[in-house]
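# Residue-level structure breakdown
Spelled out, the chains give:
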Amino acid sequence: MMHTADLLKVFAQHRGDAIVISGRGGRHWIEISDTTLDIPLGDPAMGGHSGFGLGLALAQPGKRVILFDSEGDILMSMGQLATIAEQAPANFYHFILDNEVYATTGGQPVPNAKHVDYAMIARGAGYPRAFNFADLDAFSAALPGILQAPGPVFVALKVWPEVENTPIGQRVRWRKRGADKVVRDLRGALRVG
Amino acid sequence: MADAGALSPETVMRQMKQNGVTDVVWLPDSETNWLFLLMRADPDLRLVGVTREGHACSIAAGLFAGGRKPMMLIQNTGMMESGDSIRGWLMGLKVPIVLMVGYRGYTRHGVNSDTAATYTERFLMAFGIPFYLVENDGDADRIAIAFKEAEALQGPVVVLVGDEYHGFNR
């Protein structure tokens, strides 16, 4: 198991000029980077981050698009993997943070939490490359090679859960921009809007 | 080719091109295969097939964020199943987009035996999403109006394709 904050610090060293959809790693990534190419959307509707990443990667083939998704999102939208594999954007790097629970609702386990091999599922859906990592040193060693090769690639990362159980209305808001402003800022940076 | 009283796929395709659609995110329904063949033959149009209609919302949002002009093509059954994705990914991110929605069960007479039709307009009214009904080629200008309204509202606008009784697919 890894700590999400630690693996994001490792990733940041190799990010380059990629667009980063911070997804389930958002509250940690915003401490590292919050530029117009960082896309902290929160959770517009669960299960959709992979679709958003696909759409953005297809629209911007000259930019690497990095997504930090989750196992709960994948389980909710497994069919997206087939769509991504069919479109096969070479600039799309799909990481998932697998903490085995629904962390923002109190830490209830996802179905069959300890026995689902998400990399195998991605490979079966048609991703040409897929990896599993549970150790930070192994992830750190492999990451440069993963990012240098073309996508789409799927990388499943076992992370410690960071469970929240306070009522949603009482939680500290970590995002500094609303999701719609994040999208507008990105379009401005890309000079498409 | 459809008869003069029907909505022809060529008309829909023409409207898509005139309104600058670059990508169609879609899931097949019983009425759109002929349109699919037309779209597939167009090298300037990218088709993104999904396995569940709600997935189309976040894909479309990502395409818009990256500068494309997507359209969604789904059936009313899938639209209703996609409620939270429409709310979060299209309305929440203020994505100007037209959803062409096959109006399964629509009979034109207000009497139907298909609850997919019964709840379609009620669903749209509950979400506050503007919608236009097109039944034949004479209604084609409503598609252009929908595109303009989506831009003005910065949100989704639905075109209900109510041509099942004609057989849009033929």
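This is a predicted model, so every value here is computed, not measured. Every chain begins its residue count from 1, and numbering advances along the sequence as written. Numbering of ligands from 1 and lettering of chains from A proceed in the order in which they are written. Residue-level local features of this predicted model are given only where pLDDT is at least 70; pairs of side-chain atoms are given and counted only at 80 or more, and the full residue set underlies all totals for whole chains, interfaces and linings.

All names here are of chain A. Axis separation between helix H3 (residues 49-59) and helix H5 (residues 79-87) bottoms out at 10 Å; the angle between their running directions is 15°. Taken together, the axes of H3 and H5 lie roughly parallel to each other. Between H3 and H5 the crossing geometry is left-handed. Residues Ser50, Gly51, Leu54 and Leu58 of H3 touch H5, and the partners they reach there are Gln80, Thr83, Ile84 and Gln87. Note on residue categories: nonpolar means Ala, Val, Leu, Ile, Met, Phe, Trp, Tyr, Cys or Pro, charged means Asp, Glu, Lys or Arg, and polar means any other residue, Gly included. When grouped by side-chain class, the residues that make up the contact of H3 with H5 number 3 nonpolar, 5 polar and no charged. The axes used here are C-alpha line fits, helices contributing only the stretch in contact, and every angle between their N-to-C directions lies in the interval 0 to 180 degrees. A run of DSSP states H or I qualifies as a helix once it reaches four residues; a run of E qualifies as a strand once it reaches two. Both are numbered from the N-terminal end. With respect to orientation, any angle under 35 degrees is reported as roughly parallel, any angle over 145 as roughly antiparallel, any angle of 65 to 115 as roughly perpendicular, and every other angle as oblique. Each crossing is labelled by how the near helix is turned from the far one, with a counterclockwise turn of less than a right angle marking it left-handed and a clockwise turn marking it right-handed. Here, residues touch in the contact sense if the C-beta positions derived from the backbone fall within 7 Å of one another.

Residues and elements named next belong to chain A. Each residue is classed by its C-beta neighbour count within 10 Å, where at least 20 other C-beta atoms makes it buried, 12 or fewer makes it exposed, and intermediate counts make it partly exposed; the C-beta atoms are placed from backbone geometry. Across the 7 residues of strand E4 (residues 92-98), 7 count as buried, placing the element largely inside the fold. Because side chains alternate across E4, one face comprises the buried residues Phe92, His94, Ile96 and Asp98, and the other comprises Tyr93, Phe95 and Leu97, equally buried. Bridging between E4 and strand E8 (residues 153-158) involves 6 bridges; their strand directions are parallel. The residue bridging Leu97 from the neighbouring strand is Leu157, located in E8. Only strands that DSSP links by at least two bridges are regarded as paired with each other.

This part covers the pairing of strand E1 (residues 23-26) of chain B. Residues and elements named next belong to chain B. With burial as the criterion, each face of E1 is covered, one bearing Asp23 and Val25 and the other bearing Val24 and Trp26. Here E1 runs beside strand E2 (residues 46-49); their pairing, made up of 4 bridges, is parallel. Bridge pairing links Val24 to Leu47 in E2. The sheet contact formed by E1 and strand E3 (residues 70-75) spans 4 bridges and is parallel. Of the residues in E3, the one forming a bridge with Val25 is Met72.

So, on to unusual backbone geometry. Residues and elements named next belong to chain A. With an omega of 0°, the peptide bond running from Gly151 to Pro152 counts as cis. Examined against the element boundaries, Pro152 turns out to sit in the loop between helix H7 (136-148) and E8. Positive phi, normally seen in glycine, also occurs at Glu100, with a value near 70°. Mapped onto the secondary structure, Glu100 falls in the loop between E4 and strand E5 (101-102).

Function cannot be inferred from these measures alone, as they are strictly geometric.
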